[in-house]
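Working through the structure, step by step
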Amino acid sequence: MNVRASYAAFRQQMTHFLTDPQWIIPSLIAPFMFTMVVLMIYQDVDGPVVLQAVLGGGVLGMWGNTLYSSGWSISYDRYNGTLEPLMTSPTRLMDVVAGRSVWNTLIGLSNAVLVFVIAEIMFRTGVGLANPAEFFFILIITLASLASIGLVFSAFFVLTRASSVLMSSLEFPIYVVSGAMFPITLLPDWVIPFSYLLAPSWGVDAMKIAALEGYEGIGLGIAGSLGLMLLLTAVYILMARWLFKKIERNVRSYGTITRF
Amino acid sequence: MEAASLRQTVRVIAHSSSLSVRNTFAAVPWYLWLGQVLFTSFFAMAFFAFVADFAANPEVTVAYVVLGNAIQSVAMVTLYSVANLPAIEKHVGTMPVLISSPTGLFTIFVGMSLFQIMAGFLTVAVSLGYAVYIFGLDLSAMHLSVMVVIIILTSFSMAGLGMMIGALGTYLRTGMIIASVVSYVGLVLCGVNFPVHYLPEWLQPISYSLPLTYAVEAARLAAEGATLTEVFPQLSVMMLLGAAMLVASYFMLKGFERLVRRKGAYEAF
């Protein structure tokens with residue numbers, strides 16, 4: 001891995017964001033609205049269930065940010081005409097995208113914290129986290145696992161101009177399958193294996209165990225859920241690496257980047 | 001002279017409309033576009049249906065939520081897409097050319113929005129299909145013609161709101177952010193997923209100033225078997241709001257054209 005290139009990409013992404021920080025609003029507004037809707041639907045429910053909704057909103061915030069930033073990271077290069085020079089430079093595209101992802105991950109974290117704080121101020125759940133230190137540790141690892149999914153998507157987005165369509169198509173399926181707002185046991189039996197293949201589902205489970213007193217979750221405990229999430233995250237990173245390599249080789253060999 | 005002017009306007013609208021279709025499918029293959037329509041509306045509905053199932057609130061059942069979301073899917077498609085039209089022109093750098101053409105921006109954007117309105121029809125039809133066949137919504141008492149009228153009028157009034165937001169966005173660097181904010185606000189304010197009376201009292205007047213609130217209310221009545229006469233009050237207020245917003249967008253776009261021509265300062269926006 002070319003750390004200097006990744007760091008440069010990180011700084012570049014930071015500059016882009018700080019030049020026009022209003023883009024945090026779209027990725028913040030959807031999860032926040034969903035959290036509000038869920039809390040309104042719950043009405044007379046209080047305590048842990050409300051906290052669960054607020055936590056879920058934070059996870060949705062992180063996912064929205066990951067998805068849109070990974071999609072746009074390649075699309076903006078395409079718009080600005082910088083994708084071709086990027087592809088022909090000796091630095092691997094994955095190193096560049098990884099650097100950008102680290103910045104996006106930091107913004108995703110602030111996104112989640114903002115959703116927690118605003119929802120807490122507005123709805124006054126009045127419920128403390130059972131294990132705050134554990135919770136925030138798992139939150140960061142979950143965010144990293146979301147970023148690894150973003151890497152896989154970024155690789156695919158090199159091959160298409162339709163990333164905006166794909167991004168909006170992928171937003172809700174993860175909201176549903178990750179079980180951020182409701183237990184995945186409510187899903188139809190045939191959908192549950194897809195939830196298990198999704199690293200953030202395990203992260204959400206571990207987060208809920210750390211936050212909610214007496215929550216049992218899927219049944220593997222914090223260590224089990226965390227272990228599975230890390231394993232799946234490693235698989236996603238390897239997958240992204242393989243995809244980037246293959247895609248880069250193909251578009252360079254045939255000179256076909258402008259076709260996509 | 002007036003007939004010639006009308007003919008010219010119709011030609012511009014027709015041309016903009018066909019251009020909008022070509023632009024959409026030049027960037028996105030038709031199967032991906034269709035996949036987005038089928039996928040997004042299904043998963044958005046499923047998300048709130050599972051939440052309603054988990055919450056077990058007797059007033060907010062799965063049927064209540066899926067019907068609201070089916071109607072709301074028109075808003076997501078029509079409002080967001082129409083509101084984004086000026087933003088896209090700005091983004092790709094074609095707005096100065098449009099402004100300097102003798103045809104007004106309003107006419108061009110009305111033409112471009114027609115395709116989005118049609119897309120709205122398709123989305124809501126698909127969403128109602130999901131609501132009935134997958135989530136078990138009972139529409140046996142419904143008069144189909146009443147629901148069709150509600151959907152058509154909803155699409156047009158939401159396009160009016162979209163045009164107004166889009167027009168407002170021309171004064172800003174990007175209107176995409178307002179568009180995405182407003183399209184999500186409907187989920188909370190318009191009685192899509194829970195009754196409007198759940199909201200704090202100070203928010204309820206805002207709900208009743210949005211066309212979608214009346215659309216959802218009319219659709220719920222229609223699902224229970226209401227006739228066109230019975231939903232007329234909701235539909236008339238909705239259309240009035242939609243028309244007022246369309247007129248407002250006309251003046252906002254005219255104002256923008258005048259402003260940038262007078263100052264020669266398009267780049268400032």
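Residues numbered from 1 in each chain as written. Chains lettered and ligands numbered in written order. Predicted model: local features only at pLDDT ≥ 70, side-chain atom pairs only at ≥ 80, totals over all residues.

Attention now goes to the overall build of chain B. Along its length, chain B carries 10 helices and 0 strands. A total of 269 residues make up chain B; the buried ones form 49% of that total. For chain B, the proportion of contacts with a sequence separation of at least 24, taken over those separated by at least 6, is 80%. (Helix = DSSP H or I, 4+ residues; strand = E, 2+ residues; numbered from the N terminus. Buried ≥ 20, exposed ≤ 12 C-beta atoms within 10 Å, placed from the backbone. Contact = placed C-beta atoms within 7 Å.)

Once that is clear, we can look at the overall build of chain A. In terms of helices and strands, chain A carries 10 helices and 0 strands. Secondary structure elements of chain A, listed N to C terminal, follow the sequence α-α-α-α-α-α-α-α-α-α. Over its C-alpha atoms chain A spans a radius of gyration of 19 Å, differing by no more than 12% from the 18 Å that the globule rule assigns to 260 residues. Dimensions of chain A, computed from C-alpha atoms along their principal axes, come out at roughly 60 × 35 × 30 Å. Per-residue burial over chain A gives 49% buried out of 260 residues. Across chain A, the fraction of contacts at a sequence separation of at least 24, relative to all contacts at a separation of at least 6, is 81%. (Rg over C-alpha atoms; globule rule 2.2 N^0.38 Å.)

Turning our eyes to something else, we now look at the environment of B:Arg258. Relative to the elements of secondary structure, B:Arg258 occurs in helix 10 (residues 228-263). Distance from B:Arg258 to B:Ile99, taken between C-alpha atoms, is 9.4 Å for residues 159 residues apart in sequence.

Moving on, we come to the confidence of the model for chain B. Residue and element names in this part refer to chain B. In the predicted model, chain B carries a mean pLDDT of 87, and 97% of its residues have values of at least 70. When pLDDT is averaged over each element of chain B, helix 9 (residues 211-223) comes out on top at 94 and helix 7 (residues 176-189) at the bottom at 80. Per the prediction output, this complex has pTM 0.84; the corresponding ipTM is 0.82. (pLDDT = per-residue confidence, 0-100.)

Taken together, the contact between chain B and chain A spans 31 residues of the former and 26 residues of the latter. Contributing elements (two or more residues each) for the side of chain B that touches chain A: helix 2 (30-55) and helix 7 of chain B. If one sorts the elements of the side of chain B that touches chain A by residue count, helix 2 of chain B sits on top with 16 residues. Tallied by class, the residues present in the side of chain B that touches chain A amount to 24 nonpolar, 6 polar and 1 charged. (Nonpolar A, V, L, I, M, F, W, Y, C, P; charged D, E, K, R; others polar.)

Residue and element names in this part refer to chain B. As for its position among the elements, valine 146 is in helix 6 (residues 144-169). For valine 146, a count of 22 C-beta atoms within 10 Å puts it in the buried group. Separated by 101 residues in the primary sequence, valine 146 and valine 247 place their C-alpha atoms 27 Å from one another. Those residues in contact with valine 146 that sit more than four places away from it in its chain are Ala222, Ala226, Thr227, Leu228 and Val231.

So, on to the confidence of the model for chain A. Looking at chain A as a whole, its pLDDT mean stands at 80, while 92% of the residues score no less than 70. The secondary structure element of chain A with the lowest average pLDDT is helix 3 (residues 48-80) of chain A, at 76, and the one with the highest is helix 8 (residues 192-196) of chain A, at 88.

Take the packing of helix 5 (residues 105-133) of chain B against helix 6 of chain B next. All names here are of chain B. Running from N to C, helix 5 and helix 6 point in directions that differ by 135°, and their axes come no closer than 9 Å. Comparing their axes, helix 6 and helix 5 come out oblique. Considering the relative orientation of helix 5 and helix 6, their crossing is right-handed. Here helix 5 contributes Phe109, Ser113, Gln116, Ile117, Gly120, Phe121 and Val124 to the contact with helix 6, which in turn contributes Ile151, Ser155, Phe156, Ala159, Gly162, Met163 and Gly166. Among the residues making up the contact of helix 5 with helix 6, the classes are represented as 8 nonpolar, 6 polar and no charged. (Axes fitted to C-alpha atoms, helices over the stretch in contact; angles between N-to-C directions. Parallel < 35°, antiparallel > 145°, perpendicular 65-115°, else oblique. Left-handed = near helix turned anticlockwise from the far one by under 90°.)

This brings us to the packing of helix 3 (residues 62-92) of chain B against helix 9 of chain B. All names here are of chain B. Two elements in contact, helix 3 and helix 9, have axes separated by 10 Å at closest approach and are oriented at 140°. By the angle class used here, helix 3 and helix 9 are oblique. Along this stretch, helix 3 crosses helix 9, giving a crossing that reads as right-handed. Contact residues: helix 3 offers Leu67, Gly68, Ile71, Gln72 and Ala75, while helix 9 offers Leu212, Ala215, Val216, Ala219, Arg220 and Ala223. Residue composition of the contact of helix 3 with helix 9, grouped by class: 8 nonpolar, 2 polar and 1 charged.

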